[in-house]
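Here is what each chain is made of, one letter per residue.
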Amino acid sequence: MIPEQTNLIFFVNGKKIIEKNVNPEWTLLYYLRNKLNLCGTKLGCAEGGCGACTVMVSRFDRKSQKVVHIPVNACLAPVCAMHGLAITTVEGIGSTRTKLHPVQERIAKAHGSQCGFCTPGIVMSMYTLLRNLPKPSMKDMEVAFQGNLCRCTGYRPIIEGYKTFTEDWEVMQNGTALTNGNGVCGMGDKCCKLQNGCNGTDKDDNEVLFKPHEFTPYDPTQEPIFPPELKLYDTLDREYLVFKGKDVTWYRPTQLKDLLELKHKYPDAKIIVGNTEVGVEVKFKHFIYPVLIQPVLIPEMTEITQLKDCMKIGASVTLQDMEDALREQLRTQPQYRTRIFLSIIEMLNWFAGKQIRSVAAVGGNVMTGSPISDLNPIFIASKIELELRSKENGTRKVIMDEKFFTGYRRSIVNKDEILVAIKIPYTKENQYFYAYKQARRRDDDIAIVNSAINVMFETKTMIIKTIDLAFGGMAPTTVTAPKASKNLIGKPWNQETLDLAYTYLIDDLPLSPSAPGGMIQYRRSLTLSFFFKAFLAISEQLQKLFPNIIIDKREMSAIDGFHSQIPKNSQYFQVLPSDEKIKSVGQPIPHLSAFKQATGEAIYCDDMPYFSNELYMGLVLSTKTHANIVSIDPTEALKMEGVHAFYSAKDIPEEQNKVGPVLHDDEVFISKTVTCQGQVLGAVIADDQITAQRAARKVKVTYEELQPIIITIEDAIKHKSYLVEKKIEKGDVDKIFATAPHVIEGDCRNGAQEHFYLETHCTIAVPKKEDCEMEIFSSTQHPSELGKLVAHVLNVPQNRIVTKVKRMGGGFGGKESRFIIAALPAALAASRLDRPVRCMLDRDEDMLITGTRHPFYSKYKTAFDNDGKILGCEIHIYNNAGYSTDLSISVLERAMFHFENAYEIPHVRVKGFACKTNLPSNTAFRGFGGPQGMLAGETMIREIAEYLNKNTEDIIRMNLYREGDLTHYNQKLEYCTMLRCWDECVASSNFAPRKKEVERFNRENRWKKRGISIVPTKFGIAFTALFLNQAGALIHVYTDGSVLLSHGGTEMGQGLHTKMIQVASTVLEIPHAKIHISETATDKVPNTSATAASSGSDLNGMAVMYACETIKQRLEPYKIKNPKGKWEDWVLQAYMDRVSLSATGFYRTPNIGYNWETNSGNAFNYFTFGVACSEVEIDCLTGDHQVLKTDIVMDLGESLNPAIDIGQVEGAFVQGYGLFALEEMVYSPNGTIFTRGPGAYKLPGFADIPIEFNVSLLKGAPNPRAVYSSKAVGEPPLFLASSVLFAIREAIKSARLDAGLSENNFKLYAPATAARIRMACEDHLTAKLDEPKPGTFIPWNVIP
Ligand SMILES: Cc1cc2nc3c(=O)[nH]c(=O)nc-3n(C[C@H](O)[C@H](O)[C@H](O)COP(=O)(O)OP(=O)(O)OC[C@H]3O[C@@H](n4cnc5c(N)ncnc54)[C@H](O)[C@@H]3O)c2cc1C
Ligand code: FES
Ligand code: FES
């Protein structure tokens, strides 16, 4: 009997939840945050790609009588799927009010939490791992984090903190296993202790960033118990569930016949297991499936059975369970029988993250029919058997072969059929099976191309009996290579057959030059590379049987892919001696919010409790790139239940509608002409997010399309579409070019980079009902500007608008000005409706509309002498500004100031062009044009070395700036430590011998190549707009001695508040605990600058210092009078004497200001210097790469907090690594953004950081021009990641030499993606691919 309606029952943090009115559309995350007010679990992407929403789900497995814990992405898990399960969220394991869980404590103390938005998810991934394995290995830990992203820390400190839970670490510490008796392990000289690879744990306690021996020990017996009710009774596990919502009904049948009955009755019903595919379709493609069926209780679909010649896996078996079962086969079966299983297991390591694999089913992967499914090529090449079933026709057994998929995401499975199980065969002795996958990022990424190769030989011969090949990523479905399969039969396994195979493969796998996904030649080349790899791997196997097979040793480097290794690292810094007084400055204390961030108690904008009467805003966005708006019709939207209003440009006076940070050339709502996709046309205000967003999609907009559409910098140059043209000139450039011994020309470019702060833009606008006052809670880096613009839009004085920022989940420049997109419409709506309005952008909206780091293109001419000394340079620098000015002119200026990087050039002409295009308005991003500019100088210097055939490092050193040199904008370099940093990095990285070692490696390997490169950087500190170089602070001392500190800077994870408290604590000589920073608010400190330009600590630090000094001076008489008294005594006495205990501090940077007319004055307050050396290894056949080692030396003056500063260096480096080697925003020729989430846009993950990562802060280099002799750190290290780009270039050169090509005559634009690397390593395979004629096709994507 099918029940009418059932209650949803599950446990959250030990508490039983009974939900009588569940809506099957709700995700677990929605339920936790909105119904249970458990906001510790964060929303970062809603597509399973960031891990911020990770929770632990536990169930009692009645077969094994064990509690099973899995990590789950709450953003995809339907809450209905939680019936009978126990959920643990970050709040359930510990809190600062009671007791921290060791997992929370260690990430905080190890400095692994900066903005903290990723932290709860990472905590829960680690926690789940520990619940299953109290002593995991490093490998277990690595796997556990495959599905988690962090944009701030660079991962090193997280790994370092959590390493202490592992067996490997314990072995190292105790010297228990493998030791030689001295506590040093059997690794001998390579022991990480000897190499300071364990955070220098041998070092003096003062010189470590954290002290593992102070960690609370982990005691697994203290964990909360699994709800006994769920263990004792299986009632909930067996129930036939029916949950009826308004639009969707959820069924969980218990028997196959019931399932078939349902599918018969509702042929369009969706089968849901992991919901990892369907969840994404519902959220981002806005599909509504009225009937959902969860087949997780059907025995036939959940069993794994070992049969004589195959393993039978139920379709609802999760990928993780399948992997475990196949691993067991590997353990128990002869090696030759399990070759397909091994390929599946290896493939699963690169398949999504642990969270997805723990819930996603094998049947879901088959049935989704994705052309880039990772398992389908394996299944098709191995011709697995599928068992299908329907009510009408019973069982149907089909072989999964080339006929199975009939089109894009379509198969021969009938609508009323269910996939019940699959049968994966054992392999035979004379059968070999290999599978490959290449993605943008190795971990947790979908394939660009994948393949599986299944070869059976005639018994005891090398003659091919059958060969089955399947490929993903080459067509709208997984495809086979029929000609190759047919024509290779009967051929011997040798070079001739290999060549023949290439010919057939090229024929079998054509790809149109306009094919979706782009990278046409690369994808085609991968099919050949994979075959070549399999050829060698199988040859190696055959060699064991036929010893006369000869394989060149150098060729064998093609076989293996990259595998992760245990990371090593060290950090060197100077801890200033702390005198008897409290001297907080200089101490490596943890971020003061880190503990709250690790427990989920830290409140971000969207975690704020709802205001009564609050509404939600959904945005109506333009879908055309360049068009006149003919009409906007909200009728349908306004008819929807729960919708309150719609606003567009008609609702705001023309002048008030015009906004922007510098020029008001943006609009709150586009009034007449859209100039980009994703511009805001209107806002729908409704009861909740789902309604507001659905209604927004119902607003009908008609357009009249316009030309031209300008997307790329080249388009802009063609149309002379510039916002501004600027010039700096020094010396006699024309003369130097006429007389110099050598002149060469070159160019370089970088793509766009998405900020991907884990917390998207968020605003809550709260009208105060009186005098037009409004309070705005926002995730902005620039509260004053937000207040100013809201006042402008509402046409009220600025003193009515108070903007408050508690903290941000990352900013990186992306929240400096683009907050206007959501905050201004929300403020307008709140004011009109007189009700609070909230809006947090979805990840896809944020990526679509808020702009990125500017793509840059630089074209230059350099003059130099015979030694390689640069004499002059003329450079044209173009940035792609997008549709409005925003901060693009300042970004361009910084690029113009920084193009020479660290090199002294006497004669310079630099012209800058900000290109206006039909892309989203690009904006500030860590480095603010500096790194893009510096890329030119760094490319140039290498081209000079290549041209003269000289050692690059010699040319670099010769050209480096020295003390007293003048920049091209005529600023004198003082306290210049450039050479010191260089020499220290050359020495500490052991550069010269390693370069030799790289050469040896390259001689011995044909298909893996290494490269090593060392890069200096110099970064100017100050806002280039003079007036912004000011800051204020406000300090209140209360009569109990507690101090409330306010300053103009915002906290986005960079540890600014922590540093400010350290400054205040040092000046006032009181402990941190007495000082509190609550938030940044415009009614405390007005007219502040954005927290940007790396100058947050410099500017606000001085203001805080001045404010504290005022208080200190006022208290001085009381101290003198009562020298034995305490702070509290002096404060109280001053109060009794009616002395003000409140003070402000104000600072403006002296002696700066640049004059563009005269090319004089100081553009910057001072410079931060640094050098990095990176070594990489590339796979020449796939373009994959791994960073083997990075050594950084950075001059940060006397660091205010070495832990925070090292965190900034590492975080910036890894973000820069993304810019230069990984992250690629992809645009169509007409401006559609294809990369709108972590699924398509890949930031570095845990496995991408250098295997060895050493950071050293220059000692004994105080900076007289900033607070407590410190230096700014946020942006300067980012460019150092270009050392990876240049190391990759070196590796490619070696590959090209081997292929008999010119080593220098090739371009490597940033980012050095796998595709670019592979295609630069031209060889006999790429030579086989004919190039499509340019101009004869429209490419799928363009480079902006
Ligand atoms: C972050 C992320 C990363 C991913 N990474 C990868 C990756 O690296 N490689 C890769 O190949 N895929 C990847 N995927 C895709 C996805 O995870 C897999 O396809 C997964 O196996 C789907 O299983 P599921 O149980 O979650 O499917 P669901 O979403 O529950 O269902 C998927 C589809 O299959 C149908 N279906 C499911 N079971 C049956 C059945 N028994 N009979 C008939 N129809 C059925 C459903 O009706 C639905 O249409 C990723 C997805 C996400 C969200
Ligand atoms: S929010 Fe769930 S994975 Fe990103
Ligand atoms: S600390 Fe990880 S995203 Fe900010």
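What you see is a predicted model, and the numbers here were worked out from it, not measured in a lab.

### Concerning the packing of aromatic side chains
Here is step 1: Tallied over the full model, the rule gives 39 aromatic pairs.
Here is step 2: Measuring from centroid to centroid gives 5.6 Å for Phe897 and Phe1164, while their planes differ by 80°, and the two rings are edge-to-face. Here Phe1164 lies in the loop between strand 46 (1160-1162) and strand 47 (1166-1179) and Phe897 lies in helix 29 (residues 888-898), a separation of 267 residues in the sequence.
Here is step 3: Accessibility expressed as a relative area gives 1% for Phe897, which makes it buried.
Here is step 4: Take Phe1164: its relative accessible area is 0%, and that puts it in the buried class.
Here is step 5: Aromatic side chains Tyr969 and Phe1164 sit 5.8 Å apart centroid to centroid with 75° between the ring planes, which places their arrangement in the edge-to-face category. With Tyr969 in the loop between helix 31 (952-959) and helix 32 (978-988) and Phe1164 in the loop between strand 46 and strand 47, the pair connects residues that are 195 residues apart, well separated along the chain. Accessibility classification places Tyr969 together with Phe1164 in one group, the buried group.
Here is step 6: An aromatic cluster is built from Phe897, Tyr969, Tyr1154, Trp1156, Phe1164, Phe1167 and Phe1169, whose rings are joined through pairwise contacts.
Here is step 7: A cation sits over an aromatic face here: Arg337 above Tyr426, 3.8 Å from the ring centre.

### Focus: the pairing of strand 35 (residues 837-840)
Here is step 1: Where burial is concerned, the two faces of strand 35 agree: the one with Val837 and Cys839 and the one with Arg838 and Met840 are both buried.
Here is step 2: Pairing between strand 32 (residues 762-767) and strand 35: four bridges, direction antiparallel. Each bridged residue has a counterpart across the sheet, and for Cys762 the counterpart in strand 35 is Met840.

### As for the site of ligand 1
Here is step 1: The environment of ligand 1 is formed by 31 residues, the closest being Lys270, Gly274, Thr276, Ala361 and Asp374.
Here is step 2: Between ligand 1 and the protein, one listed contact pairs an oxygen atom with a backbone N or O atom of Asp445 at 3.4 Å.
Here is step 3: For ligand 1, whose free accessible area comes to 990 Å², the fraction covered by protein is 92%.
Here is step 4: Those elements that place two or more of their residues in the shell around ligand 1 are strand 8 (270-271), helix 15 (362-368) and strand 16 (418-425).

### A few points about the sheet that holds strand 28 (residues 680-686)
Strand-to-strand pairing in sheets goes through backbone hydrogen bonds, with the strands running parallel or antiparallel.
Here is step 1: In spatial order, the strands read 24-28-22-35-32-33-34-43; together these eight strands make up an open sheet with mixed pairing. Strand pairing shows two members of the sheet lacking a second neighbour, strand 24 (643-648) and strand 43 (1080-1081), which therefore form its edges.
Here is step 2: With four bridges connecting them, strand 33 (residues 774-778) and strand 34 (residues 801-805) associate as parallel partners. Residue Met774 lies in a different strand from strand 34, and its bridge partner there is Ile801.
Here is step 3: Contacts from helix 27 (residues 820-833) reach strand 22 (615-621), strand 24, strand 28, strand 32, strand 33 and strand 35 within the one sheet, and its direction differs from that of strand 32 by about 20°.

### Focus on the nonpolar core
Here is step 1: Judged by nonpolar contacts, the single largest core of 283 residues is most densely connected at Tyr162, Trp493, Phe531 and Ile1288.
Here is step 2: It is helix 19 (residues 520-545) that provides the largest number of residues to this core, a total of 13 residues.
Here is step 3: Apart from the residues lying within four places of it in its own chain, the contact partners of Tyr162 are Val103, Arg106, Ile107, Ile122, Val123, Met126, Met141 and Phe145.
Here is step 4: Membership of the second largest hydrophobic core comes to 89 residues, among which are Trp26, Ile345, Ile378 and Leu419.

Cut-off values and rules
- Residues numbered from 1 in each chain as written.
- Chains lettered and ligands numbered in written order.
- Predicted model: local features only at pLDDT ≥ 70, side-chain atom pairs only at ≥ 80, totals over all residues.
- Heavy atoms only, no water.
- Phe/Tyr/Trp six-rings, centres within 6.5 Å; stacked < 30°, edge-to-face > 60°.
- Helix = DSSP H or I, 4+ residues; strand = E, 2+ residues; numbered from the N terminus.
- Buried < 20%, exposed > 50% of the residue type's maximum accessible area, 1.4 Å probe, protein only.
- Lys NZ or Arg CZ within 6 Å of the ring centre and 35° of its normal.
- Pairing = 2+ DSSP bridges.
- Near = heavy atom within 4 Å.
- Polar contact = N/O pair within 3.5 Å; in protein donor to acceptor, adjacent residues only side chain to side chain.
- Areas by Shrake-Rupley, 256 points an atom, 1.4 Å probe, with all protein chains shown as cover.
- Contact = heavy atoms within 4.5 Å.
- Axes fitted to C-alpha atoms, helices over the stretch in contact; angles between N-to-C directions.
- Core = buried A, V, L, I, M, F, W, Y, C linked by side-chain atoms within 4.5 Å.

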